[in-house]
Amino acid sequence: MQMTWSHAVLYVRDMHNMLDFYERALGFKVTDRGPLAEGAPEIVFLSQAPDEHHQLAMIQTRKDEAPSNSVNHFAFRVAAFEDVRQLHNVLAPMEGIKVAPLSHGNTLSIYFNDPEGNGLEVFWDTPWHVAQPQGKPWDVGMDEAQALAWVQESFGGEDTFEPREKYYARRGASAG
Ligand SMILES: [Fe+2]
């Protein structure tokens, strides 16, 4: 058996505000919605994967005012370096949203919060693997070539730094 990640379901306080953020800032589409049962709260399903009914869902039943705190973050992969930079530029001016660019060597990531304090990461894979956990802030003003050169410079001295294909081939082999 192999389990592949499909979705997470969030309890939210303000569905309208959360949908606005996930749709407008992050590009999710509502794929379905309806009450969980007669008279029960509504669940709203969101996706931006063509082959996934929902990657996220939200149920408006949260009462506490404190930021959500059981999950550290959810992460989404993007296909292009530019996607990370563009999203950074969308999020950076938004009130109440704090964006932190962080590279794990194997990614160029931005970390941010949604309006209810859930942690989110959006990342682009670099061509390399390097042992985790580790992270260094990176300058989102760099273009792709500069960012890749910076990753190589910043993480390339480590023993575990290697092409990602090599690393995953080994992982696949040992998983049998
Ligand atoms: Fe992460």
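If you're wondering where the values come from, they're calculated on a predicted model, not measured in any experiment.

> If you had to explain the overall build of the protein to someone new, which residues and values would you point to?
Check the secondary structure of the protein and you find four helices and eleven strands. Along the first, second and third principal axes, the C-alpha atoms of the protein reach 60 × 45 × 30 Å. Considering the protein as a whole, with its 176 residues, one finds that 41% of them fall into the buried category. For the protein, contacts bridging at least 24 residues in sequence account for 56% of all contacts bridging at least 6. For the protein, the accessible area works out to roughly 10500 Å², and carbon and sulfur atoms hold 52% of it. Here the protein holds 14 positive side-chain charges and 25 negative ones, and the gap between their average locations is 3 Å.

> For the coordination of the iron ion, give the residues involved together with the corresponding values.
Reference values for coordination geometry: four tetrahedral donors around a metal ideally subtend 109.5 degrees, six octahedral donors ideally subtend 90 or 180 degrees. Within the protein, the iron ion binds to His73 (NE2) and Glu121 (OE); these donor distances fall in the range 2.0 to 2.3 Å. Pair noted here: His73 is in the loop between strand E4 (56–59) and strand E5 (74–77) and Glu121 is in strand E8 (residues 119–125), with a separation of 48 residues, a long-range link. Relative accessible area serves as the criterion here: at 5%, Glu121 is assigned to the buried category.

> So what's going on with the environment of Glu144? Residues and values would help.
Relative to the assigned elements, Glu144 resides in helix H3 (residues 144–155). Put simply, Glu144 and Phe81 are 63 residues apart on the chain and 6.3 Å apart in space, counted from C-alpha to C-alpha. Residues within four places of Glu144 in sequence aside, it is in contact with Phe81 and Trp124.

> How would you sum up the layout of surface pockets? Please name residues and give values.
Its volume calculated, the largest pocket comes out at about 570 Å³. In this structure, the largest pocket is lined by 23 residues; those nearest its centre are Phe28, Gln55, Ala75, Phe76 and Arg77. If you tally residues by element for the lining of the largest pocket, the top one is E5, at four residues. The class makeup of the residues in the lining of the largest pocket is 13 nonpolar, six polar and four charged. There are two domains that each give the lining of the largest pocket at least three residues, and those are domain 1 (1–61) and domain 2 (71–176). By volume, the second largest pocket amounts to about 220 Å³. Forming the walls of the second largest pocket are 13 residues, and the residues nearest its centre are Ser68, Asn69, Ser70, Val71 and Asn118. The leading source of residues in the lining of the second largest pocket is strand E1 (residues 8–11), at three residues. A class-by-class count of the residues in the lining of the second largest pocket yields seven nonpolar, four polar and two charged.

Quick notes on the rules
- Residues numbered from 1 in each chain as written.
- Predicted model: local features only at pLDDT ≥ 70, side-chain atom pairs only at ≥ 80, totals over all residues.
- Heavy atoms only, no water.
- Helix = DSSP H or I, 4+ residues; strand = E, 2+ residues; numbered from the N terminus.
- Buried < 20%, exposed > 50% of the residue type's maximum accessible area, 1.4 Å probe, protein only.
- Contact = heavy atoms within 4.5 Å.
- Areas by Shrake-Rupley, 256 points an atom, 1.4 Å probe, with all protein chains shown as cover.
- Lys, Arg positive; Asp, Glu negative; His and termini not counted.
- Charge placed at Lys NZ, Arg CZ, Asp CG, Glu CD.
- Donors = N, O, S within 2.8 Å, 3.2 Å for Na, K, Ca; no water.
- 1 Å grid on protein atoms, 1.4 Å probe; cavity = no way out; pocket = protein on both sides within 12 Å on 5 of 7 lines; lining within 4 Å.
- Points joined across faces, edges and corners; volume = space filled by probe spheres on them.
- Nonpolar A, V, L, I, M, F, W, Y, C, P; charged D, E, K, R; others polar.
- Domains from an automatic or database assignment.

So far we have only geometry, and geometry alone does not tell us how the molecule works.
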